[in-house]
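Listed below, chain by chain, are the residues.
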Amino acid sequence: MDVDFKKYPDGLAPAIVQDYNTQKVLMLGFMNEEALKKTEESGLVTFYSRSKKRLWTKGEESGHHLQLRQILLDCDKDSLLVKAVPTGPVCHTGADTCWSEKNHKEDFLSYLEQIIALRRVSDDQTSYVRQLFGKGINKIAQKVGEEAVELVIEAKDVNQQLFLGEAADLLFHYIVLLQAKNCSLADVIGVLEKRHQPK
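Since the model is a prediction, treat every value here as computed from it, not as a measurement.

A.B. asks: Account for the overall build of the chain, with residues named and values stated.
C.D. replies: Secondary structure summary: the chain contains six helices and six strands in total. Ordered by position in the sequence, the α and β elements of the chain form the string β-β-α-β-β-β-β-α-α-α-α-α. For 199 residues, the compact-globule estimate of 2.2 N^0.38 gives 16 Å, and the chain exceeds it by more than 25% at 23 Å. Seen along its three principal axes, the alpha-carbon backbone of the chain occupies a region of about 70 × 50 × 25 Å. Looking at the 199 residues of the chain, the share that counts as buried comes to 34%. When contacts within the chain are restricted to residue pairs at least 6 apart in sequence, those whose partners lie at least 24 apart make up 46%. Total accessible area on the chain stands at roughly 12,800 Å², and carbon and sulfur atoms take up 54% of it. The average position of the 26 basic charges and that of the 29 acidic charges among the side chains of the chain differ by 4 Å.

Below, the structure written as structure tokens:
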């Protein structure tokens, strides 16, 4: 990667870190040639610390590393976009990001996946999701089948509100089934993206 480190008097190029999955901006650090090389070789994002005056791998003390997925160079070849997967909070304050933002996708389905995951391990015995997981994979799969049949029945009628209600029920239970199989909507989207053949 042909980074123009010489453009800066201290040889440090800005490196913006973005979550590979959520696309949230996590932090800003600085890399010199040595830090970039170590990042690429180790797979853990490493910066040059201006305060410590040495290379610094994110998480070397906290254990909250940034696992490298991709590095992009901007059009002027003087700044880096580092896409990584965090293994914990990124900011030294304990926040998800250095701008105190929650690190999640800005869409309701991702939020719903998180809620289902939390309720799966909840102590709340009255939680419908917890009860459903407690009944096992066969019951969850059966529920998805039932909701699919109900959706098909409503599709044959003209009541849009009932049809959308059944569609929502099916989607909800489908997400539960995915989690029961230790999968996510992102995994399914990944399959669809691989199958997609643009004209």
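After that view of the structure, there is still more to cover.
A.B. asks: Before we move on, could you go through a nonpolar patch on the surface and cite the residues and values that matter?
C.D. replies: Together, F108, L109, Y111, L171 and Y174 give the surface a local cluster of nonpolar side chains, amounting to about 460 Å² of exposed area. Looking at the nonpolar patch, the elements that each hand over two or more residues are helix 2 (108-120) and helix 5 (160-180). Per-element accounting of the nonpolar patch gives the leading share, three residues, to helix 2. Along the chain, L109 turns up in helix 2.

A.B. asks: Report on the packing of helix 4 (residues 137-155) against helix 5, specifying residues and quantitative values.
C.D. replies: Running from N to C, helix 4 and helix 5 cross one another at 160°; their axes reach a closest spacing of 9 Å. By the angle between their directions, the pair helix 4 and helix 5 is classed as roughly antiparallel. Between helix 4 and helix 5 the crossing geometry is left-handed. In contact with I137, I140, A141, K143, V144, E147, A148, E150, L151, E154 and A155 of helix 4, helix 5 contributes L162, F163, E166, A167, D169, L170, H173, Y174, V176, L177 and A180. Looking at the contact of helix 4 with helix 5 residue by residue, the class counts come to 15 nonpolar, one polar and six charged.

A.B. asks: Please provide a residue-by-residue account of the sheet that holds strand 6 (residues 80-86), values included.
C.D. replies: As summarised here, the arrangement of the four strands in space is 2-1-6-5, forming an open sheet in which the pairing is mixed. Two strands close off the open sheet at either side, each with one partner strand: strand 2 (25-31) and strand 5 (66-73). Within this sheet the neighbouring strands show an average axis-to-axis angle of 30°, counted without direction. By the bridge criterion, seven bridges tie strand 5 to strand 6 in an arrangement that is antiparallel. When the bridges of strand 6 are listed, L73 appears paired with L80. Along the sheet face, helix 1 (residues 33-42) touches strand 2, strand 5 and strand 6 and points at about 125° away from the line of strand 5.

Conventions used here
- Residues numbered from 1 in each chain as written.
- Predicted model: local features only at pLDDT ≥ 70, side-chain atom pairs only at ≥ 80, totals over all residues.
- Heavy atoms only, no water.
- Helix = DSSP H or I, 4+ residues; strand = E, 2+ residues; numbered from the N terminus.
- Rg over C-alpha atoms; globule rule 2.2 N^0.38 Å.
- Buried < 20%, exposed > 50% of the residue type's maximum accessible area, 1.4 Å probe, protein only.
- Contact = heavy atoms within 4.5 Å.
- Areas by Shrake-Rupley, 256 points an atom, 1.4 Å probe, with all protein chains shown as cover.
- Lys, Arg positive; Asp, Glu negative; His and termini not counted.
- Charge placed at Lys NZ, Arg CZ, Asp CG, Glu CD.
- Patch = residues over 30% accessible without salt bridge, like charges linked within 9 Å, V, L, I, M, F, W, Y side chains within 5 Å.
- Salt bridge = Lys/Arg side-chain N within 4 Å of Asp/Glu carboxyl O.
- Axes fitted to C-alpha atoms, helices over the stretch in contact; angles between N-to-C directions.
- Parallel < 35°, antiparallel > 145°, perpendicular 65-115°, else oblique.
- Left-handed = near helix turned anticlockwise from the far one by under 90°.
- Nonpolar A, V, L, I, M, F, W, Y, C, P; charged D, E, K, R; others polar.
- Pairing = 2+ DSSP bridges.

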